[in-house]
Amino acid sequence: MNTLRQYQVPLQRYMAMMDLQERNERLFYKLLIDNVEELLPVVYTPTVGEACQKYGSIFSRPQGVYISLKEKGKILEVLKNWPERKIQVIVVTDGERILGLGDLGCQGMGIPVGKLSLYTALGGLRPSACLPITIDVGTNNKKLLDDEFYIGLRQRRATGEEYAELLDEFMSAVKQNYGEKVLIQFEDFANHNAFVLLEKYSKTHLVFNDDIQGTASVVLAGLVASLKLVGGTLGDHKFLFLGAGEAGTGIAELIALEMSKQTKSPIEECRKKIWLVDSKGLIVSSRLESLQQFKKPWAHEHEPVKELIDAVKTLKPTVLIGSSGVGQTFTQEVVEAMASFNEKPIILALSNPTSQSECTAEQAYTWSEGRAIYASGSPFPPVEYNGKTYISGQANNAYIFPGFGLGLVMSGAIRVHEDMLLAASEALASQVTQENYEKGLIYPPFTNIRKISAHIAAKVAAKVYDLGLASHLPRPSNLVEFAESCMYTPTYRNYR
Ligand code: NAD
């Protein structure tokens, strides 16, 4: 830690951590686990975003498997080259939408590598059981195509049938090589592919999309927890999103599902309490024809509204969620409007990295006169306002996916079901203590994350067993203890 802290530039810390992971994996995980709050922003967002942007020029050794269009017809052979045989979790990207940074092509590899480090550090999956994969179908990023250090195929992205065939071969090869129980996490695919891939492969494989489902689960947990501060049930609230992509519609759907379970009313009715604004304005029924499939359920009856501020003033939501990837869109006027008709407006600025955040923690607290319940995607330092210190929460997917994955792996799940996501949300929300609430926090601190992950894993596994989707039998009697016993811990052996 002493060596790391001497680096002032976050990217240098990232590079030092990657070197350490290569040189002494056990020490890398020991450091990450013991200093999780300090090192999470180094190995994950926001620093990993910069690392991906510069991946070609900081590249020293490959840290996963690259599968390019050139490997078509021999993907199984490529997978067999990986030295580890027993793989439990694969994180795969095609690099088309890395965080809020757009198409970074093959340089998106930083994301699967970073996420899998968190699977191990926070969820206890064995490092050797984790496999990062980048599918290289080219990039439409002109800057990268012209960059002499770009490490991927120098061509524009393959699309349509060519893309679908490569993905299909990949998915079959993974199942053939690693069996039915390997978890495949889709990561940072552009939304026009993400929804299609998830829908298609959820019937035949154990797949999970963290951008859609993991985000939804972590945000729902924060909302359930925030009800303790603002009162009421989910059904008593009105939600407005800026951004109707993977994150926005994924969260919206999970909120509607939970609301529907709680109120026993049809999900179509619950969706009506949730409104979304995309780059063309409020999603309303008159736009139905031209909307992408995944936006259609959100096209409610309303006259067209172009700007977010007008949507806020007309709909008067109690919860405002930013998931557009565009920074500084929750302006002073927007936050002040939220604070004018809500005693405690819930404001979640989810876009990553920090530069894309809809508003900073300081802006949210200042403009709402300290009344906002605020959480963000990337972390912000504590804020002093009117003599009081405000600590904002981080709606970080890292709360959910490591424990969620552990729950699937330890029960030998063969399919993901949305009830498992709800179980994960409830488990996370239940870990927020009274002491956390008193500080205005809607997420527990990361320091206890392995304990939190074990609880999430136990609840997820319980759901897997209840749904008859578990293959690890018999069901262990104490699932929390079982989860803890399954977790990898970076200790050195004693030699006599
Ligand atoms: P996406 O590309 O699927 O969706 C983006 C959406 O924003 C689209 O609906 C688009 O129409 C809309 N949009 C774009 N520009 C807009 C504008 N100027 N005004 C209004 N809407 C606009 O992306 P995504 O996967 O949903 O991710 C969006 C952002 O959320 C990213 O920055 C990502 O890093 C962040 N995110 C955060 C978390 C988290 O905090 N836990 C999790 C996932 C994603």
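Now for a description of the structure that goes with this document. (Residues numbered from 1 in each chain as written. Predicted model: local features only at pLDDT ≥ 70, side-chain atom pairs only at ≥ 80, totals over all residues. Heavy atoms only, no water.)

## What about the overall build of the protein?
1) Next: Scanning the protein from terminus to terminus reveals 22 helices and 14 strands.
2) Next: For 496 residues, the compact-globule estimate of 2.2 N^0.38 gives 23 Å, and the protein sits close to it at 22 Å.
3) Next: Its C-alpha atoms put the protein at 65 × 55 × 50 Å along the principal axes.
4) Next: Split into buried and exposed, the 496 residues of the protein put 59% on the buried side.
5) Next: For the protein, restricting intrachain contacts to residue pairs at least 6 apart in sequence, the fraction spanning at least 24 positions comes to 72%.
6) Next: Of the roughly 20,600 Å² of accessible surface on the protein, 50% is carried by carbon and sulfur atoms.
7) Next: Looking at the protein, you have 51 positive and 55 negative side-chain charges, and the mean spots of the two groups are 4 Å apart. (Helix = DSSP H or I, 4+ residues; strand = E, 2+ residues; numbered from the N terminus. Rg over C-alpha atoms; globule rule 2.2 N^0.38 Å. Buried < 20%, exposed > 50% of the residue type's maximum accessible area, 1.4 Å probe, protein only. Contact = heavy atoms within 4.5 Å. Areas by Shrake-Rupley, 256 points an atom, 1.4 Å probe, with all protein chains shown as cover. Lys, Arg positive; Asp, Glu negative; His and termini not counted. Charge placed at Lys NZ, Arg CZ, Asp CG, Glu CD.)

## Points about the site of the ligand
1) Next: Close to the ligand lie 24 residues, the nearest being R97, N191, A247, A395 and N397.
2) Next: R97 places a polar side-chain atom, nitrogen or oxygen, 2.2 Å from an oxygen atom of the ligand.
3) Next: N397 has a polar side-chain atom sitting 2.5 Å from a nitrogen atom of the ligand.
4) Next: Class assignment for the residues of the shell around the ligand results in 7 nonpolar, 13 polar and 4 charged. (Near = heavy atom within 4 Å. Polar contact = N/O pair within 3.5 Å; in protein donor to acceptor, adjacent residues only side chain to side chain. Nonpolar A, V, L, I, M, F, W, Y, C, P; charged D, E, K, R; others polar.)

## Concerning the pairing of strand β5 (residues 206-209)
1) Next: Where burial is concerned, the two faces of β5 agree: the one with L206 and F208 and the one with V207 and N209 are both buried.
2) Next: In this structure, strand β4 (residues 183-186) lies alongside β5, joined through 4 bridges in parallel fashion. Paired with L183 across the two strands is L206, which belongs to β5.
3) Next: Chirality of the crossover, the property in question, places the unit of β4, helix α11 (residues 191-201) and β5 among those that are right-handed. (Pairing = 2+ DSSP bridges. Right-handed = clockwise from strand over helix to strand, strands pointing away.)

## Quick word on the environment of R61
1) Next: Within the secondary structure layout, R61 lies in the loop between α6 (55-58) and β1 (65-68).
2) Next: For R61, a relative accessible area of 52% corresponds to the exposed category.
3) Next: The spacing of R61 and E22 is 39 residues in sequence and 8.7 Å in space, taken between C-alpha atoms.
4) Next: At a separation of 3.2 Å, a polar atom in the side chain of R61 contacts the side chain of E22.

## A short note on the sheet that holds strand β14 (residues 393-394)
1) Next: A sheet is described by the order of its strands in space; here 7 strands give the open sequence β8-β7-β6-β9-β10-β11-β14, paired in mixed fashion. Only two strands of the sheet have a single neighbouring strand rather than two, namely β8 (281-282) and β14.
2) Next: Here strand β6 (residues 239-242) runs beside strand β9 (residues 319-322); their pairing, made up of 4 bridges, is parallel. Residue pairing across strands places L240 opposite L320, the latter belonging to β9.
3) Next: Where helix α12 (residues 210-230) meets the sheet, its contacts fall on β6, β9, β10 (346-349) and β11 (373-376), and the angle it forms with β10 comes to roughly 155 degrees. (Axes fitted to C-alpha atoms, helices over the stretch in contact; angles between N-to-C directions.)

## Brief notes about the nonpolar core
1) Next: If you look at the biggest cluster of nonpolar residues, it comprises 118 residues, and the most contacted ones within it are M17, Y119, L223, I255, F404 and L408.
2) Next: Sorting elements by how many residues they give to this core places helix α21 (residues 449-466) first, with 11 residues.
3) Next: Beyond its immediate sequence surroundings of up to four residues, M17 is in contact with L4, F28, L31, L32, L39, V42 and V43.
4) Next: Within the second largest apolar cluster, 35 residues are counted, among which are L79, L167, Y178 and L198. (Core = buried A, V, L, I, M, F, W, Y, C linked by side-chain atoms within 4.5 Å.)

## A short note on the side chain of T93
1) Next: Inspection of the secondary structure assignment puts T93 in strand β2 (residues 89-93).
2) Next: Polar contacts involving the side chain of T93 include one to the main-chain amide nitrogen of G95, which spans 2.9 Å.
3) Next: If we ignore the near neighbours within four places in the chain, the residues touching T93 are I98, G108, P112, I133, T134, I135, E187, D188 and F189.

## Quick look at the pattern of salt bridges
1) Next: Inspection of the entire model under this criterion finds 25 salt bridges.
2) Next: Ionic pairing is found between K115 and D210, a salt bridge with its closest N-O pair at 2.4 Å. Linking K115 in helix α8 (residues 110-123) with D210 in helix α12, this pair joins segments that are 95 residues apart in sequence.
3) Next: In this structure K115 comes out as buried when scored by relative accessible area, which is 3%.
4) Next: Owing to a relative accessible area of 0%, D210 belongs among the buried residues under this scheme.
5) Next: The closest approach of N and O atoms between D466 and R475, which form a salt bridge, is 3.0 Å.
6) Next: Residue R475 is classed as partly exposed on the basis of its relative accessible area of 39%.
7) Next: Among the charged side chains, a network of salt bridges with common partners joins R97, D188, D211 and E246. (Salt bridge = Lys/Arg side-chain N within 4 Å of Asp/Glu carboxyl O.)

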